[in-house]
Each structure stands twice: as structure tokens, then as C-alpha cells.
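Per-entry structural report
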Amino acid sequence: LLIFMGGLRASLVVALSIPFSIFFAFIMMKVLGISANLMSLGGLAIAIGMMVDATIVMVENVDRMLRDADPNESRMAIVAMACCEVGRPIIFAIAIIVIVFLPLFTLQGVEGKTFKPLAQTVALGMFGSLLYALLLAPMTSHLLMRRPRAASGAGPKDAWIVQRLLRPYRPMVGLFVRKRWLAVTLAGLMLLAGAIVLPRLGSEFVPRLDEGDLLIRATMAPSISLEESRNTMLRFEKRLMEKFPEVTRVVTRVGRGEVGAHADPVNSAEAFVALKPQKEWTSARTSDDLYAKISEAFESFPGAQFNVTQPIAAAVDELLTGTKAELAIKIFGADMDILKEKAAEIEGVIREVSGAADVQKDQVSGTPQLLIRINRQAIARYGVNVEDVQGVLRTAVGGESAGQIFEGIRRFDITVRFTEEARNDLEAIRNILISAPGGAKVPLDQLATIEEIIGPRQITRENNQRFITVQCNVRGRDIGSFVYEGQKVIAEKVQMPPGYLVSWGGQFELQQEANKRLALVVPVTLLIILLLLFMNFGSLKNTFLILFNIPLALVGGVVALWLTGQNLSVPSSVGFIALFGIALENGMVLVTYLNQLVYEGKPVDQASVEGAMLRVRH
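Rules and cut-offs
Residues numbered from 1 in each chain as written. Predicted model: local features only at pLDDT ≥ 70, side-chain atom pairs only at ≥ 80, totals over all residues. Heavy atoms only, no water. Patch = residues over 30% accessible without salt bridge, like charges linked within 9 Å, V, L, I, M, F, W, Y side chains within 5 Å. Areas by Shrake-Rupley, 256 points an atom, 1.4 Å probe, with all protein chains shown as cover. Salt bridge = Lys/Arg side-chain N within 4 Å of Asp/Glu carboxyl O. Helix = DSSP H or I, 4+ residues; strand = E, 2+ residues; numbered from the N terminus. Buried < 20%, exposed > 50% of the residue type's maximum accessible area, 1.4 Å probe, protein only. Polar contact = N/O pair within 3.5 Å; in protein donor to acceptor, adjacent residues only side chain to side chain. Contact = heavy atoms within 4.5 Å. Pairing = 2+ DSSP bridges. Axes fitted to C-alpha atoms, helices over the stretch in contact; angles between N-to-C directions. Core = buried A, V, L, I, M, F, W, Y, C linked by side-chain atoms within 4.5 Å. Expected span 1.5 Å × (residues − 1). Disulfide = S-S within 2.5 Å. pLDDT = per-residue confidence, 0-100. Phe/Tyr/Trp six-rings, centres within 6.5 Å; stacked < 30°, edge-to-face > 60°. Lys NZ or Arg CZ within 6 Å of the ring centre and 35° of its normal. Parallel < 35°, antiparallel > 145°, perpendicular 65-115°, else oblique. Left-handed = near helix turned anticlockwise from the far one by under 90°. Nonpolar A, V, L, I, M, F, W, Y, C, P; charged D, E, K, R; others polar.

Let's shift gears to a nonpolar patch on the surface. Residues Phe23, Ile27, Val31 and Leu32 make up a contiguous nonpolar surface patch of about 430 Å² in total accessible area. In this structure, Val31 sits in helix 3 (residues 17–32).

This is the structure we're talking about:
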């Protein structure tokens, strides 16, 4: 501020708008019951640059009029005139910035809970900056700002850096004003560049963060014992430490208790992997390369499948989308056998799509079970009821409560069942004796057929429909293009029976929901802005001249994303929404200056050059 405002007094007037606006935002959040969280604080951080805009316009106009005014004129009158001159465009500019964030207020679900606090704090902060600019900035300008001394009038009016910016800028603006076709051509080339770059951008819900550590999820056979699961993970840890010197330590958790949000059986394990600083890596240069090499190294590891991710990313995926990976392909249908068949086909097809990693389908079967079917003719011959057989099985294998025992104030159930040797295998269960009328003891295998089967491990439903999930991560490309290619390949190579359908979930689903809502609300918001601009200027030419700033500003954002290798995500869309407001505000103030200079009788060409020069410092 000291460099661009050219003085401590003007800089102090502008700087005071930041704490005032932040304090006002926090007070209003308290009044409205809005809790402060990371996104709301992020909103204030984004808004800091915009909070000073209204005051800068006010202070610059005061400074200009103090320099150009008659020395005998009252300083208070000059300050009041300068503030009134830009008061109207400032009000409309701040109102438009707040309205620009309207699409964020309409977001629902996960994206709504994520970005609404940001929009709320930005709106409150901008309203606080408006109050400061209209009510306090005139007073502080009158108290702090002074006219330049007449004796030192030979000195420069602007700061040295502003002068250096204006020196090449003035002839360039004059050239474009004289030869307007050059300006139109340049704008057209910029739009053409944006149109060429935009299709090259990928899409995703949120950018992938580099957390510095890894979380590797292992899925083993459903019938595995706790001891074997532990031994499998110990072998995995040892091999991981040997193959990758970047790993400093590994801590594995087998299973997960029922107390948490998501219980896991003993065939599921999570390995938390700590890594050295990236500059010390030798196996890979980037995080994606390291993930890919770990996945490739353990692709054929006996007895387990692995999903390489990060701790925070894994928690977000599981809590927000219900899956343990970035993408979930859900196959809906009625018959579990057909679902398993189609899930296996889709799993094989997705593995061939470029960028697919850690592809796994749900384990819906694989649990050993004993299937006991009671032979009703046999029990009728012996005079035994179905309930008699089921009651003996229930007590012998599962156990029945036979009372309670008290130890002080604590109570414990007394459970009665067969000893482990009499119920731990198929032959022992076959020999369980059932009492028949008359005192006869009949073995269970004479009253029922007993066979070992591999039964379902789980049956998942959504909207009362059975489904199986094929999950995968995406590496080396964006999620949007991966899903587009995956949908195309599945449609070509997998024939779905009638009544069976494929749905894509995970981060892609959240991104699509957010994009649909923004695509509906953003045009409505632009229409509201168009009406406000027309109300302020009363001219369609001025209105469309200001709105033309938006596509030109977007070109810069699109090219910046492309040059930095970023994808078009919901957070970047939020950034573009903020950019709408800044571009419109700058356009409004510039057009207001131009109209004012033309009203004073200056030719349009001269007014265009002078107005542009006045706006350079802002």
C-alpha cells in the first residue's frame, strides 16, 4: 500500500478497512449463528484483497481531487465531493460482488456444506468493507490526508512505481484508442486462446493434496483368521520396507471395532506408512510415481489386494461417498450371481483404461458356512418337531442364556453350550443328538442334510436395490476424462441384462451434482447482475461493455490452470466466481470514470486514455 498509494496517510486509511471488515464479519457470524471453521476463515482470506477495493477507490478519488482542487477551497468540501462522486459505483460494485457468490449459497449436500461458509463470510466481509468505505473512510480521509505542499509542487504526483507503470502504458493505451481494431483483434485472440485451452483442462471434485504419508488398505480372504491376517500384514510390511527406502516406518491396524463409524472385519487392514522428505526419495520423483510403483510391486502379493491412498484422502472418500477409493462403479440388480458376474467383467474392463489403479470389486462371497436343511419326512418318522431340532442347534452351537451371576453391582449372563470339541467341525455337528419321544437319541445327520457352502459375505442395498461396487483410484490423469472413457468402454464391452444398470459414484458424483447446480444458477446470477448494471448506468452499451470483462478475465484463469497442470475443480470454480466480482467491479469503476470525463466535455478518445490512466494504480 505504501508503494502504490504514495503515502503513509492514504495507506493507513485503506489498511484500516481490513480489521474493520473482519471484525464486522465475525460479529455478524455470531449474531446469525454461523460457526467459524476452516472454510469460513478461508473465505475471509480470499476476501481480504477485495475488502480494500472500495476504500482504495474512495481514497484515490480524494487524493486526486485534493491535488487538482483550488488551494482556497475547503478541504472538508473537497473530501465530501470526492466521496459522493464514487459512492454510487462503490455501492453497486460491492452489491454485485455479493450477488456473484449467490451460486455458492445454492449448493447442496457435501459441496454445500463445504463452500457455503466461504460464501457467507465473503458476503459479510464485503458488506463490512462497504460500511467502512461509505461511513468511516470519508472521516478518516479528512483527518489524515493532506494536500500536497505548493512549494514542493515540482515533485512527482504519483509514486515512483506508478510512474514507471504509466510511462509505457500511456502510449499503448493511446495506440489502442486510435486503432480500435487492434484492441478488438487482441480480445478476439485472447478468447480464441481460452477456447482452445479450455477443452484441454481435466475435471475433478477437489484437487489431490500431497499429505506426505501413505495409507495402504489391504483386503484379504473373508475366511482368514486373525493370526493369519496379522502374519500376512507382517510379510507385507517387511517387503515394503525392503523394496522402498523412502519408507521410515509402518504401523498396521487389522480390523476395526464396532464403536467407530465404519466397522471392519479381520480380513481388512490399514497400514499407515511414514515417508522421508521428498528430496530424499530414490525410487520415484513424485507422489503419483511412488503410489504407482507400490501398487505395481504388490499387485501379485499372495492373499491380499491393496489400495494405496493417503490418510486424509481416505477418510474423506469414506465419509463423503461411502467408498474406500476415489471412484465407485455401482452395479444394481436383483440376482447376486449376475451382479458378481457383471462386476467381474467391469473390473477387467476398467483395469485396461489408462489411469486406473487399485481396481477392486466388493467381496460379496467367500464366507464358509454350514447349510443345514431339516428333512421333514425324517423328523415325522421320529415324531420330532422342527423347533426341537432348531432349539438343540441354537443351544449347542450358539449358546443359550441360563441365568445371571452378580459380582457386586455388575451382572454377567451365564451362557450354556457344547464344549469346543463337540461343535467346532462338521463331523461333530453331524453327531449332535436330538431327543425323540420315548427317550430315543437321534443323530442330527439322520434328521437333516448338512453341507459346507461358500455363502455371501455381505449384501449391500441402496434405495432398496441390491448392488455391488467396483472401486478404483485414478493416477496420471483427471477423474472427468477417466470416467468419460470408462463409461464408453463399459457400454461397448459389457452387456447388461434388462433391469440391471451401472452408476458412477464417489468424487465424480459429487462433482457432477455441483456442476449441474452451478450451470443452472450462474446464468440466473448473470441476469441479475445485468439488471443491476442497467439500473446503475441506464445504458445497454455500458452494461455489456462491463460484462465483456468476464470472458476476458476467465481466459487468464483458464490459461493459468493449464500452465500449472491443474484441473478444473469445484474449488477452482469458486475462484472463478470470485473473479467475476473483481472483474465486474473494475469495469464498473472504469466506465463510471469514463462517463464522468465525457460529461465534463472531454472527447471520448481523451477520456478513454485519462480514465485508463486513473485506473492503473487500482
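Below, the discussion takes up the pattern of salt bridges. Considering all chains together, one arrives at 16 salt bridges under this definition. Bridged by salt links that share partners, the residues Arg217, Arg253 and Glu270 form one connected network.

What follows covers the environment of Gly455. For Gly455, the location among the structural elements is in strand 12 (residues 448–456). As for Gly455 and Leu370, which are separated by 85 residues in sequence, their C-alpha atoms are 8.9 Å apart.

Attention shifts here to the side chain of Arg217. Along the chain, Arg217 turns up in strand 1 (residues 214–220). Residue classification places Arg217 among the buried positions, given a relative accessible area of 7%. Looking at Arg217, its side chain comes within polar contact range of the side chain of Glu270, at 3.1 Å. Non-local contacts of Arg217, meaning those with residues more than four positions away in its chain, are made with Arg256, Ala269, Glu270, Gln305, Phe306, Asn307, Ala314, Glu318 and Lys324.

Taking strand neighbours across the sheet as the criterion, the 4 strands line up as 2-3-1-4 in an open arrangement whose pairing is antiparallel. Since the sheet does not close on itself, it has two edges, and those belong to strand 2 (247–256) and strand 4 (304–309), each with one partner. With direction set aside, neighbouring strand axes in the sheet form an average angle of 20 degrees. Bridging between strand 1 and strand 3 (residues 264–275) involves 6 bridges; their strand directions are antiparallel. Residue pairing across strands places Ile216 opposite Ala271, the latter belonging to strand 3.

Right, let's get into the nonpolar core. Judged by nonpolar contacts, the single largest core of 68 residues is most densely connected at Ile90, Ile96, Phe101, Leu104, Leu533, Leu584 and Met588. The dominant element in this core, judged by the number of residues it contributes, is helix 6 (residues 75–100), at 12 residues. Dropping the residues within four chain positions of it, Leu533 is found in contact with Ile96, Gly538, Thr543, Ile546, Leu547 and Met588.

The first and last C-alpha atoms of helix 23 (residues 604–616) sit 18 Å apart over 13 residues, in line with the 18 Å expected at 1.5 Å per residue. Those residues of helix 23 lying buried are Ala607, Val609, Gly611, Ala612, Met613 and Arg615.

Here the focus is unusual backbone geometry. Negative phi is the rule for most residues except glycine; trans is the rule for most peptide bonds. The backbone of Asp358 sits at a positive phi, close to 55 degrees, despite the residue not being glycine. The phi dihedral of Asn464 is positive, around 65 degrees, even though this residue is not glycine.

Tallying each qualifying case throughout the model produces 0 disulfides. No disulfide involves Cys83; its sulfur sits 7.0 Å from the nearest other cysteine sulfur, which is in Cys84.

For the protein, the mean per-residue pLDDT works out to 82, and 94% of the residues sit at or above 70. Across the protein, the secondary-structure element scoring lowest on mean pLDDT is helix 1 (residues 2–5), at 58, and the one scoring highest is helix 11 (residues 226–243), at 90. This model gives residues 150–156 a pLDDT under 50, and the stretch forms 1 contact once residues within four places in sequence are excluded.

Another point: the packing of aromatic side chains. Under the criterion given, the structure shown has 9 aromatic pairs. Centre to centre, the rings of Phe20 and Tyr132 are 5.7 Å apart; their planes meet at 45 degrees, and the pair counts as tilted. With Phe20 in helix 3 and Tyr132 in helix 8 (residues 109–144), this pair connects stretches of sequence that are 112 residues apart. On the accessibility criterion, Phe20 (27% relative accessible area) is partly exposed. With a relative accessible area of 3%, Tyr132 lands in the buried category. The interplanar angle of 70 degrees and the centroid separation of 5.5 Å between the aromatic rings of Phe301 and Phe306 together place this pair among those described as edge-to-face. When its relative accessible area of 5% is taken as the criterion, Phe301 is described as buried. With a relative accessible area of 10%, Phe306 lands in the buried category. Directly above the aromatic system of Phe467 lies the positively charged group of Lys330, at a separation of 5.4 Å from the ring centroid.

Further remarks concern the packing of helix 2 (residues 8–15) against helix 3. Following both chains from N to C, one finds helix 2 and helix 3 inclined at 10 degrees, their axes separated by 5 Å at the closest point. Here helix 2 lies roughly parallel to helix 3, going by the angle between them. Residues Val13, Val14 and Ala15 of helix 2 form the contact with helix 3, whose own contacting residues are Ser17, Ile18 and Pro19.

Between helix 5 (residues 53–68) and helix 8, whose axes approach to 10 Å, the crossing angle comes to 35 degrees. Both helix 5 and helix 8 take part in a crossing whose hand is right-handed. In this structure, helix 5 contributes Ala54, Thr55, Met58, Val59 and Val62 to the contact, and helix 8 contributes Tyr132, Ala133, Leu134, Ala137 and Ser141. Along the lines of polarity and charge, the residues of the contact of helix 5 with helix 8 split into 8 nonpolar, 2 polar and no charged.

Right, let's get into the pairing of strand 8 (residues 400–407). Here strand 8 runs beside strand 9 (residues 410–416); their pairing, made up of 7 bridges, is antiparallel. Bridge pairing links Glu400 to Val416 in strand 9. Taking the residues that link successive antiparallel strands as the turn, the strand 8-strand 9 hairpin has 2 residues, and the phi of Gly408 there is positive, at about 70 degrees.

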